[in-house]
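Fold and contact review
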Amino acid sequence: MKNYVIIGNGVAAAGCIEGIRSVDKNSKITVVSAENYPVYCRPLISYYLEEKTTLKKMNYRPADFYDVNGCEVVYGKNAVSVNKDEKKVVLDDGNEIAYDALCVASGSSPFVPPFAGLDTVKNKFSFMTIDDTLALEKAINKDSKVLIVGAGLIGLKCAEGIVEKVSEITVCDLADRVLSSILDNECAEIMQKHLEKNGIKFMLSDSVEKFDGNRAEMKSGKIVDFDVLVLAVGVRANTSLVKDIGGDVNRGIIVDDKMQTTVCGIYAAGDCS
């Protein structure tokens, strides 16, 4: 009998659970979940705001998934470090969980540039999780003017989700086109025109120089007044748990073709790897 521990509770974690159970039906599996929700389909959060889906329908697996697979889930806790010598995961409440094999599926976190005056903005949000979505939903109304920093997938999904619920959306990006990491100029132009027809404004090749409360001064010198700010510049892989114990990382945690990190007995999967 082994103690399997999985840090993270997203799609990669669900796959890891199913992978373990395909070869080991009886050993203990413990899942450490920073969020207070069962595994869900993260890209659907914009459809929740559009009222095209519900929180229940966003679940990635059936309600009995963890019970059927014999998992204990520790909700609302972050893993803050790994003791590779004693093979223990340390949680933010000081508790420790012993493991024989560990999978780090810690995902990624929003990248927030050090904008001058960002601390003066009261209503500012990320757009990656259910909690982000619920908080944003409470903050907006039909009169809200929303500024979204970032014209990538996250920023545009947010715009799609709230466009019918607010009065105005402005999306800015330093790139000269929307979805610049995915689309060429021709495709980006088609996408932008479609979004503009649906009431979304763009300020491309431009971004925020500094904030002063609900006012953004752009690098171009233009001023944008807003009620709600969404930061969707990008994400960074959560690599620190492995990096801090000497594991190799690059833009993500380095793994081999068996998803094992350079630290023996520790694996990684998903956005962090």
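The rules behind the values
- Residues numbered from 1 in each chain as written.
- Predicted model: local features only at pLDDT ≥ 70, side-chain atom pairs only at ≥ 80, totals over all residues.
- Heavy atoms only, no water.
- Helix = DSSP H or I, 4+ residues; strand = E, 2+ residues; numbered from the N terminus.
- Rg over C-alpha atoms; globule rule 2.2 N^0.38 Å.
- Buried < 20%, exposed > 50% of the residue type's maximum accessible area, 1.4 Å probe, protein only.
- Contact = heavy atoms within 4.5 Å.
- Salt bridge = Lys/Arg side-chain N within 4 Å of Asp/Glu carboxyl O.

With that out of the way, let us pick up the overall build of the protein chain. Summing up its helical and strand segments, the protein chain has seven helices and 18 strands in all. In terms of overall dimensions, the protein chain is globule-like: its C-alpha atoms have a radius of gyration of 21 Å, near the 19 Å expected for 273 residues. The dimensions of the protein chain, computed from C-alpha atoms along their principal axes, are 60 × 40 × 35 Å. Counting only residues that meet the buried cut, the protein chain has 44% of its 273 residues in that class. Contacts in the protein chain between residues far apart in sequence, at least 24 positions, make up 61% of those at least 6 positions apart.

Per the counting criterion, the structure on display carries 14 salt bridges. Of the charged contacts, one joins K77 and D93 as a salt bridge, the two residues approaching to 3.6 Å between their closest N and O atoms. Pair noted here: K77 is in the loop between β3 (71–75) and β4 (79–83) and D93 is in the loop between β5 (88–91) and β6 (96–98), with a separation of 16 residues, a long-range link. The class for K77 is partly exposed, based on a relative accessible area of 27%. The exposure class of D93 is partly exposed, given its relative accessible area of 37%. Linked by salt bridges that have partners in common, E86, K88 and E96 make up one network.

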